Amino acid sequence: MRKYKKWLWIVLLLVVMGAMLMIYHQARLPDTTAEKKAVAIAEKYAKLKNPDDFYTYHRKNTYYTVSGQNSAGRGIYVLINEKGNQATVYRQSAGMTKNEALEKTWSTKKPKKVLNINFGMFKNKPVWEVVYRTNKGRLCYLTLDFKSGDTVQLIENI
């Protein structure tokens, strides 16, 4: 009887773990689908090679950005609207890098933790949006102009 209970617990544990994996997969499906679609668009229209990062930006509109290199080996960001019918290419050398945006956030805002960074479009300008928590645990959004590095919008202490 004891062996039966032991196997029952093992089977139950496997079923629970399998269910958790299925739920996780289903939750990630929209993100992975959007990423695959954005990469395909960037490769087709911007001749993107070696995609190395993917960003999802949600504000008034949703944008997907794929970073990588063009056919000449130069770093680019390909910004794609949610519908996938408009793609804009930005040379990475024409503005702030992801690391520069993070460095500016750390040096000026001194966050406890950076939660996320995304490349997107705000008021018809390419921007980096950095989401972070303050030392008091408050949520903040810092939006930096891609080209100048200036603060476009700051939402603090949510």
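Here is a short report on the structure shown in this document. Counting restarts for each chain, with residues numbered from 1 along the sequence as it is written. The model is predicted, so local features are restricted to residues of pLDDT at least 70 and side-chain atom pairs to those at 80 or more, both for listing and for counting; the totals for chains, interfaces and linings are taken over all residues. Excluding hydrogens and water, the side-chain figures rest on all heavy atoms present in the structure.

## What to know about the overall build of the protein chain
Part 1: To qualify as a helix, a DSSP run of H or I must reach at least 4 residues; to qualify as a strand, a run of E must reach at least 2; elements of each kind are numbered from the N terminus. Along its length, the protein chain carries two helices and eight strands.
Part 2: Radius of gyration here is computed from C-alpha atoms only, and the compact-globule reference equals 2.2 Å multiplied by the residue count raised to the power 0.38. Taking 15 Å as the expected radius of gyration for a compact globule of 158 residues, we find that the protein chain reaches 21 Å, considerably beyond that expectation.
Part 3: Principal axes of the C-alpha set define a box for the protein chain whose edges measure 70 × 45 × 30 Å.
Part 4: A 1.4 Å probe rolled over the protein chains alone gives each residue an accessible area, and that area as a share of the maximum for its type sets the label: buried under 20%, exposed over 50%, partly exposed in between. With 158 residues in all, the protein chain has 34% of them scored as buried.
Part 5: Look at the contacts in the protein chain between residues 6 or more apart in sequence, and 33% of them connect residues 24 or more apart.
Part 6: In this description, accessible areas are obtained by the Shrake-Rupley approach with a 1.4 Å probe, and a residue is regarded as covered only by the protein chains that are shown. Here the protein chain displays about 10,700 Å² of accessible surface, and carbon together with sulfur accounts for 55% of that area. Here, residues are in contact when the closest pair of their heavy atoms is within 4.5 Å.

## Details of the sheet that holds strand E6 (residues 125–133)
Part 1: Strand pairing follows a simple DSSP-based rule, namely that at least 2 bridges must link the two strands. Read from one edge to the other, the open sheet built from four strands follows the order E5-E6-E7-E8, with strand pairing classed as antiparallel. Each of the sheet's edge strands pairs with one partner strand only, and the pair in question is strand E5 (113–122) and strand E8 (151–155). Direction aside, neighbouring strands of the sheet carry axes that sit 15 degrees apart on average.
Part 2: Here E5 pairs with E6 via nine bridges, running antiparallel. Of the residues in E6, the one forming a bridge with Asn116 is Val131.
Part 3: Fitting a line to C-alpha atoms yields each axis, with helices limited to the stretch in contact; the angle taken between N-to-C directions then spans 0 to 180 degrees. Contacting E5, E6, strand E7 (139–145) and E8, helix H2 (residues 98–109) runs over the sheet at an angle of about 50 degrees to E6.

## Comments concerning the pattern of salt bridges
Part 1: Throughout this description, the term salt bridge denotes a Lys or Arg side-chain nitrogen within 4 Å of a carboxyl oxygen of Asp or Glu. Under the criterion given, the structure shown has two salt bridges.
Part 2: Taking the shortest distance from any N to any O, the salt bridge between Lys98 and Asp53 comes out at 3.2 Å. Of this pair, Lys98 sits in helix H2 while Asp53 sits in strand E1 (residues 49–58), and the two are 45 residues apart along the sequence.
Part 3: Using a relative accessible area of 26% as the deciding quantity, one classes Lys98 as partly exposed.
Part 4: Accessibility expressed as a relative area gives 27% for Asp53, which makes it partly exposed.

## Thoughts on the sheet that holds E1
Part 1: Overall, antiparallel pairing links the four strands, which are arranged E1-E2-E3-E4 in an open sheet. Looking along the sheet, the strands with just one partner apiece sit at the ends: E1 and strand E4 (87–91). Geometrically, the sheet is characterised by an average inter-axis angle of 20 degrees between neighbouring strands, direction not taken into account.
Part 2: Here E1 pairs with strand E2 (residues 62–69) via seven bridges, running antiparallel. For Thr56, the partnering residue across the bridge sits in E2 and is Tyr64.

## Some points on the environment of Val114
Part 1: Relative to the elements of secondary structure, Val114 occurs in strand E5.
Part 2: Residues Val114 and Thr134 lie 20 residues apart in sequence; the distance between their C-alpha atoms is 9.0 Å.
Part 3: In this view, Val114 contacts Leu102, Trp106, Val130, Val131 and Tyr132; residues no more than four positions away in its chain are not counted.

## Some remarks on unusual backbone geometry
Part 1: The backbone of Asn124 sits at a positive phi, close to 60 degrees, despite the residue not being glycine.
Part 2: Locating Asn124 in the fold gives a position in the loop between E5 and E6.
Part 3: A positive phi angle, near 55 degrees, is found at Asn157, a position not held by glycine.
Part 4: Looking at the secondary structure, you find Asn157 in the segment after E8.

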